[in-house]
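Observations on the model geometry
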Number of protein chains: 2
Amino acid sequence: MSAAQTRQRILDAARQAFARSGFEATSVRSVASAAGVDQALVHRYFGTKRELFLATLELPVDPARVLAPVLAAPRQHLAEAFLRTLLELWDSDAEPVILAAVRTLTSTPDGPSLVKGFVLDLALSHLRPVVDDPVGSAPTRLALVASQTAGLLVARKVLGIEPLASMPVEQVVALVAPTLQRYMTEPLP
Amino acid sequence: MSAAQTRQRILDAARQAFARSGFEATSVRSVASAAGVDQALVHRYFGTKRELFLATLELPVDPARVLAPVLAAPRQHLAEAFLRTLLELWDSDAEPVILAAVRTLTSTPDGPSLVKGFVLDLALSHLRPVVDDPVGSAPTRLALVASQTAGLLVARKVLGIEPLASMPVEQVVALVAPTLQRYMTEPLP
DNA sequence: GTCTATAACTCGATAGAC
DNA sequence: GTCTATCGAGTTATAGAC
């Protein structure tokens, strides 16, 4: 077996394990076992458990690339484009990575430091210039967008609240985009 | 030291520890140490770690009692009343309990079973009859409300996203209540 | 390339002394 | 009422054999 292949198998197993159980509740041993290798090999390739976790958090997509068309969308369809892109990302190959990040982000106080500047941050930083206005309400707008998208992520992918969890992307977009559009571009109190 | 006092000290220490670190990352030993007692005593009073955690999840308020005035509010101010009550609850004595629940709920797959039917469920079940309509869209409405409130909780209390985290209750109400009002009572696509 | 062996801890839980 | 002592299992991580 080539080293690269084995490395990849370990990485995949780790991603799934962290996605299912978060950082704390996942043991290096269980990852090794799922990958069909010895525990020592995991350390050999990735160092500490923390480093393994960080190696796991590589998004299979480039946020800037994915968001480019969104940011180019007409302003009145900004939220719709943004939300659709986000929902499709959550259903893509990136799902385990995102779940792992969320589980770890919310599960312990140093979660944030562990996953610092991850998904939401990435998406939101790109969104900043687009939602800014003369009054400088960008931070508030971004925080509101973050709250609704984080809640959607948790409801759909972590808690599995029905009917939201099984709802087609387009229906979720229709229901929630107006909220985001208001947070992004409409006048706030 | 009376047994009741010690029991209470252990319970308080456990609540804070679980709120800070979630279920997995909190050790019985650390709880004991924070309470100034031996680890064995914790087991003596509460049994297993899981039982200790469940004992911790006793809300210091009765949801039905808190929500009664909300449900009696005029329909067009339902969201506003609901959200204000929720935000005040999060800032009250109940904060550690709620944080503990959230951290555990999102951190592992059996989190939901551990905290089954907790906070959001409680609030939402009371809300159900109020948001129902002839088309039977209550489940969708409740899921949407859950997504925004869960996101708000995470943004404000778990991730500490500014300026939302430090924002006065009334300002958050002004910004977010319209979203909830739409989810609760307005026509959906 | 991969595993054996093991060090060095920490964990939950229990029995029983004081 | 509270703690000592301890069991047994599980953890990360490393050194080194094959």
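Residues numbered from 1 in each chain as written. Chains lettered and ligands numbered in written order. Predicted model: local features only at pLDDT ≥ 70, side-chain atom pairs only at ≥ 80, totals over all residues. Heavy atoms only, no water.

**Looking at the interface of chain B and chain A**
Across the boundary between the two partners, chain B contributes 39 residues, which contact 39 residues of chain A. Regarding the contact of chain B and chain A, the summed buried area is about 3100 Å², with carbon and sulfur atoms giving 68% of it. Among the residues of chain B in contact with chain A, Thr106(B), Ser147(B) and Leu175(B) are the three that bury the most area, contributing 18% of the side total. Per-element tally for the side of chain B that touches chain A: the top contributor is helix H10 (residues 138-158) of chain B, with 13 residues. The residue inventory of the side of chain B that touches chain A, partitioned by class, reads 24 nonpolar, 10 polar and 5 charged. (Contact = heavy atoms within 4.5 Å. Buried area = accessible area lost by both parts, 1.4 Å probe. Helix = DSSP H or I, 4+ residues; strand = E, 2+ residues; numbered from the N terminus. Nonpolar A, V, L, I, M, F, W, Y, C, P; charged D, E, K, R; others polar.)

**A short note on the packing of helix H1 (residues 3-21) of chain B against helix H7 (residues 95-107) of chain B**
Residue and element names in this part refer to chain B. Between H1 and H7, the least distance of the axes is 7 Å, while the angle of their chain directions is 45 degrees. Taken together, H1 and H7 sit at an angle that is classed as oblique. You can see that H1 and H7 cross each other, and the crossing is left-handed. Between H1 and H7, the contacting residues are Arg15, Phe18, Ala19, Arg20 and Ser21 on the first element and Pro96, Val97, Leu99, Ala100 and Arg103 on the second. Looking at the contact of H1 with H7, its residues break down into 6 nonpolar, 1 polar and 3 charged. (Axes fitted to C-alpha atoms, helices over the stretch in contact; angles between N-to-C directions. Parallel < 35°, antiparallel > 145°, perpendicular 65-115°, else oblique. Left-handed = near helix turned anticlockwise from the far one by under 90°.)

**Some words on the relation of the copies chain B and chain A**
In this arrangement, two copies of a chain are superimposed by a rotation about an axis accompanied by a shift along the axis. For the pair chain B and chain A, the relating rotation is 180 degrees, the translation along its axis is 0.0 Å, and the fit reaches an RMSD of 0.1 Å. Between the two chains, the operation in question is that of a two-fold axis. No C-alpha of chain B lies nearer the rotation axis than that of Gly151(B), which sits 1.7 Å from it. Take the interface residues of chain B: 100% of them recur as interface residues in chain A, which is what a same-surface contact looks like. (Least-squares fit on C-alpha atoms with pLDDT ≥ 70 in both.)

**A few points about unusual backbone geometry**
The omega torsion across Glu162(A) and Pro163(A) is 5 degrees, close enough to zero to call that bond cis. In this fold, Pro163(A) is placed in the loop between helix H10 (138-158) and helix H11 (169-185).

**Considering the domain arrangement of chain A**
Where interface size is given, it is often the accessible area lost as the parts come together that is meant. Residues and elements named next belong to chain A. Segmentation of chain A into domains returns domain 1 (3-56) and domain 2 (63-185). Look at where the C-alpha atoms of domain 1 and domain 2 centre, and you get two points 28 Å apart. A buried area of about 900 Å², summed over both sides, lies between domain 1 and domain 2, and 68% of it is on carbon and sulfur atoms. When the buried area of domain 1 at its contact with domain 2 is split by residue, Ala19, Arg50 and Phe53 rank highest and sum to 46% of it. At the boundary of domain 1 with domain 2, the tally comes to 0 salt bridges. At the boundary of domain 1 and domain 2, one finds 2 residue pairs in polar contact (both at pLDDT 80 or more). Only helix H1 (3-21) and helix H4 (49-56) provide two or more residues apiece to the side of domain 1 that touches domain 2. (Domains from an automatic or database assignment. Salt bridge = Lys/Arg side-chain N within 4 Å of Asp/Glu carboxyl O. Polar contact = N/O pair within 3.5 Å; in protein donor to acceptor, adjacent residues only side chain to side chain.)

**Notes on the side chain of Thr85(B)**
When you line up the elements, Thr85(B) lands in helix H6 (residues 78-90). Reaching out from Thr85(B), the side chain makes a polar contact with the backbone oxygen of Ala81(B) at a distance of 2.9 Å.

**Quick notes on the environment of Val70(B)**
All names here are of chain B. Turning to its location among the elements, valine 70 is positioned in helix H5 (residues 63-72). The exposure class of valine 70 is buried, given its relative accessible area of 3%. Excluding anything up to four places from it in sequence, valine 70 contacts Leu78, Ala81, Phe82 and Thr85. (Buried < 20%, exposed > 50% of the residue type's maximum accessible area, 1.4 Å probe, protein only.)

**Remarks on the packing of aromatic side chains**
What describes a pair of aromatic rings is the distance from one ring centre to the other and the angle between the planes of the rings. The tally for this structure, following the rule as stated, stands at 6 aromatic pairs over all chains. Here Phe18(A) and Phe23(A) contribute two aromatic rings whose centre-to-centre distance is 5.9 Å and whose plane-to-plane angle is 15 degrees, an arrangement assigned as stacked. A centroid spacing of 4.9 Å and a plane angle of 90 degrees characterise the contact between Phe18(B) and Phe53(B), whose relative ring orientation is edge-to-face. Pair noted here: Phe18(B) is in helix H1 and Phe53(B) is in helix H4 (residues 49-56), with a separation of 35 residues, a long-range link. For the pair Phe18(B) and Phe53(B), a shared accessibility class is recorded, and that class is buried. Taken together through their ring pairs, the aromatic side chains of Phe18(A), Phe23(A) and Phe53(A) make up a single cluster. (Phe/Tyr/Trp six-rings, centres within 6.5 Å; stacked < 30°, edge-to-face > 60°.)

**Considerations on the confidence of the model for chain A**
In the predicted model, chain A carries a mean pLDDT of 92, and 94% of its residues have values of at least 70. When mean pLDDT is taken per element in chain A, H11(A) scores highest with 98 and helix H8 (residues 111-114) of chain A scores lowest with 66. (pLDDT = per-residue confidence, 0-100.)

**A short note on the pattern of salt bridges**
Residue and element names in this part refer to chain A. For the structure shown, the criterion picks out 14 salt bridges over all chains. One salt bridge in this structure joins aspartate 91 and arginine 156, with 3.7 Å as the shortest N-O distance. One end of the pair, aspartate 91, is in the loop between helix H6 (78-90) and helix H7 (95-107); the other, arginine 156, is in helix H10, with 65 residues separating them in the sequence. According to the relative accessible area criterion, aspartate 91 is partly exposed, its value standing at 39%. The class of arginine 156 is buried, set by a relative accessible area of 8%. Taken together, the shared-partner salt bridges in this structure form one network comprising Asp91, Glu95, Arg156 and Lys157.

**Quick look at a negative patch on the surface**
On the surface, Glu24(A), Asp110(A), Glu24(B) and Asp110(B) cluster together into a patch of negative charge. Tracing the backbone shows Glu24(A) in the loop between H1 and helix H2 (28-35). The class of Glu24(A) is partly exposed, set by a relative accessible area of 37%. (Patch = residues over 30% accessible without salt bridge, like charges linked within 9 Å, V, L, I, M, F, W, Y side chains within 5 Å. Areas by Shrake-Rupley, 256 points an atom, 1.4 Å probe, with all protein chains shown as cover. Lys, Arg positive; Asp, Glu negative; His and termini not counted. Charge placed at Lys NZ, Arg CZ, Asp CG, Glu CD.)

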